[in-house]
Amino acid sequence: MPARNKAGVSKAREAESKQQESAPRPQTVRELEWQRYWSTNPLHKIVEEQGFAKLSPADKRTYLNLELVRSPGQVDKLSKKGQREFWKQLSDANIPLRGAPRPRDDQWGHDKNGRDIGDYTLEEYRTYEQKKSRISELRLESTFFKLNRERAHLKTRNVATRETYTITEDDIEAEKARRREMASLHNDLYGVKPSSYADDPDWDDVAPIPQEEPEGALSAIAYADDYAEAMSYLRAVMAVKEHTPRCLQLTETIIDMNPAHYTVWLYRFDIVKALNISILTELEWLNEVSFEHLKNYQIWHHRQQLVDIYYPTIQDDKAAIDAFALNEHNFLMQMLSKDTKNYHVWSYRQYLVRKLRQWESRYETSCIDTLLDQDVRNNSAWSHRFFIVFNNPEQTTPNSHTTECDPHIPKSIIEREIQYTQEKITLAPQNQSPWNYLRGVLTKGGLPLATVLDFVKGFVKNLGEGEESEEVRSSHALDLLADIYKETGEKEMAELCLRRLAEKWDRIRAGYWAYRRRMLQE
């Protein structure tokens, strides 16, 4: 048996003691793990820092014995006597046989921000571990909830109490709170965004259907995570034609993210019909959506579909029709206050006038008068005025074309519209809208353009009598004057009007006026 070298062993132990006394307090997880490693492997520290030669003979033997014992199966290869001597030497050395494993640089991983967890302070790491532990607790509680809900669904009895398992609203709310907390913790720890539907127990029975992009697609759409998730659940419920309140809420969520998704609108309309939801309630919700998305077509198509199924329920009640028309009028005026030329609003307004037969409604006429007083150049308002005046079935020929004479229109209306238009032209002579409207009124009334010759001449003075004396207050008046002269056979005067438009008063369209001059000769 080799002689003991107690002096060597004590030297190693002294080095270990001095190291522990002088070692600074660890500040990070990495420092703590290295400190634990060196405290259980004092000889290895000397070897790494000073080299194997710096060990005493006894410490060298102990170091090699430790390497042997930590190599699986190597000690068993020794003889019985050799094993007894081996273990005696280790016992005399008084060195830990099971030292802490050597820390690896990658053993802690990185957090959601890419920071090495090994660089966490001890307090940060303690908080990190507490959050992981909390997730485990919540996951276990959630597992029990799912189990009990399944038992409640199967009407299973509790073996101990003999009572049937039940799930209350409080249980469901508690589960929602658990899942929200788990989602928040997952986001804090791993940067995983909360999944509103996967974390909602109301949707546990739905297997979402994700979007499948073709293999090797050149331009796969990068959907936002929350939108992609919501759409995957939408596909699932649409596949089984589910029409429930949760599906209605799902469509609202998707519409908020993508209001132009026409499939979602059609599905929502089917749900509204299936659940017999109040049309007025749906319209109130739609109003708010409309204010957020002014130029969205699907909103107005959905609104029209709702009115189509609502109108038959009130068509025999004039008071109900008038009340509904007033509500719609107020809503449309709010929409027009945000954009007076919104095409979708005006198109829907025409539909509503036809549907509710509001041709002579004071709300329609007052609306147009107000909008034209505010902006006489509002072409949309002029178009709507022409629509309600010359499509009223009470005073027009059914299916009469816009550009043809209608003998059924009372003369008083034609005269009224001519006077109204002339007043508006006087306010802004270079505004094209009322000039076009005036032509339309004359056509509907079967009147020649020369009916307004004197009025038109008021905007054109000394035509062709020299640059200094010639005065044209409206190029549109000069255009109409050319057509009047053509109508009365005065081609030379018509040619003069068109030539002056090309030379001075509307030179940007000189080519068009030249074309009109050529047409005079045909």
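Here goes a summary of the coordinates provided. (Residues numbered from 1 in each chain as written. Predicted model: local features only at pLDDT ≥ 70, side-chain atom pairs only at ≥ 80, totals over all residues. Heavy atoms only, no water.)

### Examining the overall build of the protein
So, point 1. Tallying secondary structure elements over the protein gives 22 helices and two strands in all.
So, point 2. Since a compact globule built from 522 residues should have a radius of gyration of about 24 Å, the 44 Å found for the protein marks it as more spread out than a globular shape.
So, point 3. Each of the three principal axes of the protein carries a C-alpha extent, and together these read 140 × 75 × 40 Å.
So, point 4. A buried classification covers 40% of the 522 residues belonging to the protein.
So, point 5. A sequence separation of at least 24 residues applies to 62% of the contacts in the protein between residues at least 6 apart.
So, point 6. Element-wise, carbon and sulfur atoms account for 50% of the exposed surface of the protein, whose accessible area totals about 30,300 Å².
So, point 7. The average position of the 74 basic charges and that of the 82 acidic charges among the side chains of the protein differ by 8 Å. (Helix = DSSP H or I, 4+ residues; strand = E, 2+ residues; numbered from the N terminus. Rg over C-alpha atoms; globule rule 2.2 N^0.38 Å. Buried < 20%, exposed > 50% of the residue type's maximum accessible area, 1.4 Å probe, protein only. Contact = heavy atoms within 4.5 Å. Areas by Shrake-Rupley, 256 points an atom, 1.4 Å probe, with all protein chains shown as cover. Lys, Arg positive; Asp, Glu negative; His and termini not counted. Charge placed at Lys NZ, Arg CZ, Asp CG, Glu CD.)

### A few points about helix α5 (residues 80-93)
So, point 1. With 14 residues, α5 extends 20 Å between its outermost C-alpha atoms, agreeing within 8% with the 20 Å of an ideal straight helix rising 1.5 Å per residue.
So, point 2. All buried positions along α5 are accounted for by Gln83, Glu85, Phe86, Gln89, Leu90 and Ala93. The buried residues of α5 all sit within an arc of 165° when viewed along its axis, so they share a single face. The exposed residues of α5 that point more than 90 degrees off its buried face are Lys80, Lys81, Arg84 and Ser91.
So, point 3. A positive phi of about 55° marks Asn94, the residue just after α5. (Expected span 1.5 Å × (residues − 1). Arc of directions from axis to C-beta.)

### Thoughts on the pattern of salt bridges
For side chains of opposite charge, pairing can occur when their charged atoms come near one another.
So, point 1. For the structure shown, the criterion picks out 44 salt bridges.
So, point 2. Measuring nitrogen to oxygen at the nearest pair gives 3.8 Å for the salt bridge that ties Lys176 to Glu173. Note that Lys176 and Glu173 are positioned in helix α7 (residues 169-190) at a spacing of three residues, about one turn of the helix.
So, point 3. With a relative accessible area of 17%, Lys176 lands in the buried category.
So, point 4. The closest approach of N and O atoms between Glu467 and Arg500, which form a salt bridge, is 3.1 Å. Here Glu467, found in the loop between β1 (460-461) and β2 (471-472), pairs with Arg500, found in helix α21 (residues 491-505); they are 33 residues apart in sequence, far enough to count as distant.
So, point 5. Here the salt bridges share partners, and the residues they tie into one network are Glu467, Glu470, Glu495, Arg499, Arg500, Glu503, Lys504 and Arg517. (Salt bridge = Lys/Arg side-chain N within 4 Å of Asp/Glu carboxyl O.)

### Things to note about empty space enclosed by the protein
So, point 1. Counted according to the given criterion, the structure contains one cavity of 30 Å³ or more.
So, point 2. Here the largest cavity is characterised by a volume of approximately 70 Å³.
So, point 3. Lining the largest cavity are Ala325, His329, Leu332, Arg349, Leu352, Val353, Leu356, Gln358, Ser361, Tyr363 and Glu364.
So, point 4. The element contributing the most residues to the lining of the largest cavity is helix α14 (residues 343-356), with four residues.
So, point 5. Per-class residue counts for the lining of the largest cavity are six nonpolar, three polar and two charged. (1 Å grid on protein atoms, 1.4 Å probe; cavity = no way out; pocket = protein on both sides within 12 Å on 5 of 7 lines; lining within 4 Å. Points joined across faces, edges and corners; volume = space filled by probe spheres on them. Nonpolar A, V, L, I, M, F, W, Y, C, P; charged D, E, K, R; others polar.)

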